[in-house]
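# Descriptive analysis of the structure
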Protein chains: 2
Amino acid sequence: MITQTAMKAALQQYLDGFNNKDHDAVISLFADNARIEDPVGGGQIIEGKEAITSFYQSSVASVEKLELAAPIRGSHGNSAALAFIINVEMEGKKVRIHCIDVMTFNDEGKIADMKAYWGQEDIQFV
Amino acid sequence: MITQTAMKAALQQYLDGFNNKDHDAVISLFADNARIEDPVGGGQIIEGKEAITSFYQSSVASVEKLELAAPIRGSHGNSAALAFIINVEMEGKKVRIHCIDVMTFNDEGKIADMKAYWGQEDIQFV
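What you are looking at is a predicted structure, and each value in this text was computed from that prediction instead of being measured. Within every chain, residues take consecutive numbers counted from 1 along the sequence as written. Chain labels run from A onward and ligand labels from 1 onward, assigned in the order the entries are written. Under the rules for a predicted model, residues below a pLDDT of 70 receive no local features and side-chain atom pairs below 80 are neither given nor counted, while totals for whole chains, interfaces and linings still include all residues. Excluded from the side-chain calculations are hydrogens and water; all other atoms, namely the structure's heavy atoms, are used.

### Remarks on the overall build of chain A
The helix and strand labels rest on DSSP assignments: H or I over at least four residues marks a helix, E over at least two residues marks a strand, and numbering proceeds from the N terminus. A count of helical and extended segments in chain A gives 3 helices and 7 strands. For chain A, the succession of helices and strands along the chain, N to C, is α-α-β-β-α-β-β-β-β-β. Each radius of gyration is computed over the set of C-alpha atoms, and the globule rule expresses the reference value as 2.2 Å times the number of residues to the power 0.38. Taking 2.2 N^0.38 as the reference for a compact globule, 126 residues should give roughly 14 Å; the C-alpha atoms of chain A span a radius of gyration of 14 Å, in line with that estimate. Any two residues whose heavy atoms approach within 4.5 Å are treated as being in contact. Within chain A, residue pairs in contact and separated by at least 24 positions form 52% of the contacts whose partners lie at least 6 positions apart. Per-residue and other accessible areas were derived by the Shrake-Rupley procedure at a 1.4 Å probe size, with only the shown protein chains allowed to occlude residues. When the accessible surface of chain A is split by element, carbon and sulfur atoms take 49% of a total near 5700 Å².

Pasting the structure below:
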């Protein structure tokens, strides 16, 4: 099973990939058959390498900065979670989206499942 | 469906219940058939009113304080998440456990599922 240290390193690489505008670094963290729900309840599931590649190419390009809001959490299993803030433009306005992501890893240390928790009320106009 | 505001109010009541040493206030937030995994991967599932009552009676009694680490997050669905710190004694030593909880609500506005993400490395000795 993946170690807590390895999961936390992967989530830090996720943040760094966004902040360095390196979508390949972000995409490489995911399993080929990974499943993304962002936001949870939003009605859209992103599944498989092609869809994930396209999602992160566009996300990394549009996000100005991801800021960690609290230290990354692990678990006693194969999941880790992070509370962070997405700085991005939405409809021409700068916003901060207060988000918590939960990532579950497979045995190869790749992210197999990602769920992003944020709602309409977590969008702060700046 | 439960509103984001109602979910966030419930999670604030969860924190307040702990900090007021009011286990009944915490227990009342849960559905009778709720399921708790704390910590995720810990191998123990707490399920049903009796088990939840016993779990929170003992948790609320032992926790000194829950501190919110970042604003509570909602979602576009029926889940909300919070990053917080548990101040508690473990084996006679004061520790701070850095935790993220994800709660999913049922149609009656009660918590039906709770997952607590924290691992051995998220325990900080103070």
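### A look at the interface of chain A and chain B
In this complex, chain A contributes 32 residues to the contact, which on the side of chain B involves 32 residues. The quantity reported as buried area is the accessible area (1.4 Å probe) lost by two parts once they are put together, taken as the sum for both. Of the roughly 2300 Å² buried at the junction of chain A and chain B (both faces included), carbon and sulfur atoms supply 58%. When the buried surface of chain A facing chain B is broken down by residue, Arg73(A), His76(A) and Tyr117(A) rank first, second and third, together holding 29% of it. Any carboxyl oxygen of Asp or Glu within 4 Å of a side-chain nitrogen of Lys or Arg constitutes a salt bridge here. Summed over the shared surface of chain A and chain B, the number is 2 salt bridges.

### Re the packing of aromatic side chains
Think of a pair of aromatic rings as described by two things: how far the centres are apart, and how the planes are tilted against each other in angle. Residues and elements named next belong to chain B. Stacked, tilted and edge-to-face pairs are distinguished by plane angle, under 30 degrees for stacked and over 60 for edge-to-face with tilted covering the rest, among Phe, Tyr and Trp rings (Trp via its six-membered ring) whose centres lie within 6.5 Å. Tallying each qualifying case throughout the model produces 12 aromatic pairs over all chains. Taking the centre distance of 6.0 Å and the plane angle of 80 degrees together, the rings of Phe18 and Tyr56 count as edge-to-face. Residue Phe18 is located in helix H1 (residues 4–19), and its partner Tyr56 is located in helix H3 (residues 49–62); the two are separated by 38 residues in the primary sequence. Across the pair, Tyr56 and Phe18 agree in class, each one buried. Buried residues are those whose accessible area, probed at 1.4 Å on protein chains only, stays under 20% of the maximum for their type, while exposed residues exceed 50% and partly exposed ones sit between those limits.

### Concerning helix H3 (residues 49–62) of chain A
All names here are of chain A. One fewer than the residue count of a helix, multiplied by 1.5 Å, yields its expected span. Relative to the 20 Å expected for 14 residues at 1.5 Å per residue, H3 spans 20 Å between its end C-alpha atoms, a close match to the ideal helical length. Looking only at H3, the buried set comprises Ile52, Phe55, Tyr56, Ser59 and Val60. Buried positions in H3, seen along its axis, are confined to an arc of 120 degrees and lie on one side of it. Away from the buried face of H3 by more than 90 degrees, exposed residues Glu50 and Ala61 are located. On its buried face, H3 is in contact with helix H1 (4–19), helix H2 (23–27), strand E1 (30–37), strand E2 (45–47), strand E3 (63–68) and strand E6 (111–117). The arc in question is formed by the directions pointing from the helix axis toward the C-beta atoms.

### Section: the relation of the copies chain A and chain B
When the copies are overlaid, the least-squares fit takes in C-alpha atoms only where the residue has pLDDT of at least 70 in both copies. Least-squares fitting of chain A to chain B yields an RMSD of 0.0 Å, with the transformation described by 0.0 Å of translation along the axis and a rotation of 180 degrees. Taken together, the rotation angle and the small translation identify this as a two-fold axis. The share of interface residues of chain A whose copies in chain B are also at the interface is 100%, consistent with both copies meeting through the same surface.

### Let's talk about the UniProt feature "domain: SnoaL-like" (unreviewed entry) in chain A
UniProt positions are given in the numbering used here, feature names are shortened, and annotations may be inferred rather than shown by experiment. Per the UniProt record, "domain: SnoaL-like" (unreviewed entry) is annotated on residues 12–113 of chain A. The span residues 12–113 of chain A carries 26% helix and 44% strand; its end-to-end C-alpha distance comes to 17 Å.

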